[in-house]
Amino acid sequence: MSSVSLPAGIEPSGPRPRHVTATRVGIYAFLLIAALFFLIPLIVMIMTSMKSMSEIRGGNIFALPMQPTLDYWVKAWSSACTGRDCYGLAPGFFNSVKITVLSVPVSIVIAMINGYALSFWRFRGSELMFAILLFGAFVPFQVLVYPIIFGLSRVGLFGTLPGIVIVHTIFGMPILTLLFRNFFASLPVELFKAARVDGAGFWRIFFSVMLPMSVPITIVAVILQVTGIWNDFIFGLVFAGRENMPMTVQLNNIVRTSTGTVEYSTNMAATVLTGAVPLIVYFVSGKWFVRGIAAGAVKG
């Protein structure tokens, strides 16, 4: 279709389109209220972490700090007491990094292969197996804690880094398999049939056809696993062992450890530091998360 250009000096006539409508104002008002609802606690925590205890005792949590300081952030990171040790959150941060870096790739690779096999290489009983696997997503993990403790203890992995990696892999499997299975099921089956005609087998199709096309849903899976594992408390407390306790467990120990006056500034700084990684992940990769969901994560 060819565009029509107006002669020089002639402006288009007619009423201007209405950009401000009641619906648009309502949508933006709702979004603004929702944003403030979630941002105000974060803002209060950041301001409180920069106040001295005398300012906090004043009782006005919304007041700006009169003499802002980052001393409590430094203390929360390096010298706050978590029980008998006073090393701050730093050891827990590096433990969380180790657990996350090891658990995320393992769980995603296994779930990706499961979803691919359940989509294109169906066998007798595959639907039943998928239903049983999906049922695992609805089983309360509290009822499985003791059986897993017993099993890991028998093989010598309880309270170790490989043990907590195995636990996160197992509990991430149902939802991740569902994501990848639905994504692969939304792809044209003709791609799979054409590869089969060319003589490609299970792994050749997976690496040459399916893996390059699964980048959007893989990003979704990475975001879900990173935030879920980083924010985990129960599994880290029970299965990680004293030497591998993640940052959330260290945060709990800082908040619950007090000698005399509770230092709310240090507690708030420790809380913000612990939640910084998931916040950064969502801010940096939020648009890829939406694209991955739209590319087929909830289809099927």
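Because the structure is predicted, anything quoted here is derived from the model rather than measured.

1. Quick word on the nonpolar core
For step 1, the next point in the chain: Counting 36 residues, the largest nonpolar core has Phe180, Phe184, Met210 and Phe239 as its most contacted members.
For step 2, the next point in the chain: Of all the secondary structure elements, the ones that give two or more residues to this core are helix 4 (90-120), helix 6 (145-154), helix 7 (161-185), helix 8 (189-197), helix 9 (202-213), helix 10 (215-230) and helix 11 (234-239).
For step 3, the next point in the chain: In terms of residue count, the dominant contributor to this core is helix 7 (nine residues).
For step 4, the next point in the chain: For Phe180, the residues in contact, after removing those within four places along its chain, are Ile108, Ala111, Met112, Gly115, Ile217, Thr218 and Ala221.

2. Some thoughts on the packing of aromatic side chains
For step 1, the next point in the chain: Following the criterion strictly, the structure yields 21 aromatic pairs and no others.
For step 2, the next point in the chain: Aromatic pair Phe93 and Phe94: ring centres 5.3 Å apart, planes at 80°, arrangement edge-to-face.
For step 3, the next point in the chain: The exposure class assigned to Phe94 is partly exposed, which follows from its relative accessible area of 49%.
For step 4, the next point in the chain: For the pair Phe93 and Trp230, a centre-to-centre distance of 5.7 Å together with 70° between the ring planes defines the contact as edge-to-face. In this pair, Phe93 sits in helix 4 while Trp230 sits in helix 10, placing the two residues 137 residues apart along the sequence.
For step 5, the next point in the chain: By relative accessible area, Phe93 is classed as partly exposed at 23%.

3. Things to note about the side chain of Arg181
For step 1, the next point in the chain: Examined against the element boundaries, Arg181 turns out to sit in helix 7.
For step 2, the next point in the chain: For Arg181, a relative accessible area of 13% corresponds to the buried category.

4. What about a nonpolar patch on the surface?
For step 1, the next point in the chain: Together, Leu32, Leu36, Ile40, Ile61 and Phe62 make up a nonpolar patch on the protein surface, roughly 490 Å² of accessible area in all.
For step 2, the next point in the chain: For Ile40, the location among the structural elements is in helix 1 (residues 22-49).
For step 3, the next point in the chain: Given a relative accessible area of 39%, Ile40 falls into the partly exposed group.

5. Notes on the layout of surface pockets
For step 1, the next point in the chain: Its boundaries defined by the atoms lining it, the largest pocket holds a volume of some 300 Å³.
For step 2, the next point in the chain: As for the largest pocket, its lining consists of 16 residues, and the residues nearest its centre are Phe171, Gly172, Ile175, Gln225 and Phe235.
For step 3, the next point in the chain: Going through the elements one at a time, helix 7 and helix 10 are the ones with two or more residues in the lining of the largest pocket.
For step 4, the next point in the chain: The element best represented in the lining of the largest pocket is helix 7, accounting for six residues.

Rules of the game
- Residues numbered from 1 in each chain as written.
- Predicted model: local features only at pLDDT ≥ 70, side-chain atom pairs only at ≥ 80, totals over all residues.
- Heavy atoms only, no water.
- Core = buried A, V, L, I, M, F, W, Y, C linked by side-chain atoms within 4.5 Å.
- Buried < 20%, exposed > 50% of the residue type's maximum accessible area, 1.4 Å probe, protein only.
- Helix = DSSP H or I, 4+ residues; strand = E, 2+ residues; numbered from the N terminus.
- Contact = heavy atoms within 4.5 Å.
- Phe/Tyr/Trp six-rings, centres within 6.5 Å; stacked < 30°, edge-to-face > 60°.
- Patch = residues over 30% accessible without salt bridge, like charges linked within 9 Å, V, L, I, M, F, W, Y side chains within 5 Å.
- Areas by Shrake-Rupley, 256 points an atom, 1.4 Å probe, with all protein chains shown as cover.
- Salt bridge = Lys/Arg side-chain N within 4 Å of Asp/Glu carboxyl O.
- 1 Å grid on protein atoms, 1.4 Å probe; cavity = no way out; pocket = protein on both sides within 12 Å on 5 of 7 lines; lining within 4 Å.
- Points joined across faces, edges and corners; volume = space filled by probe spheres on them.

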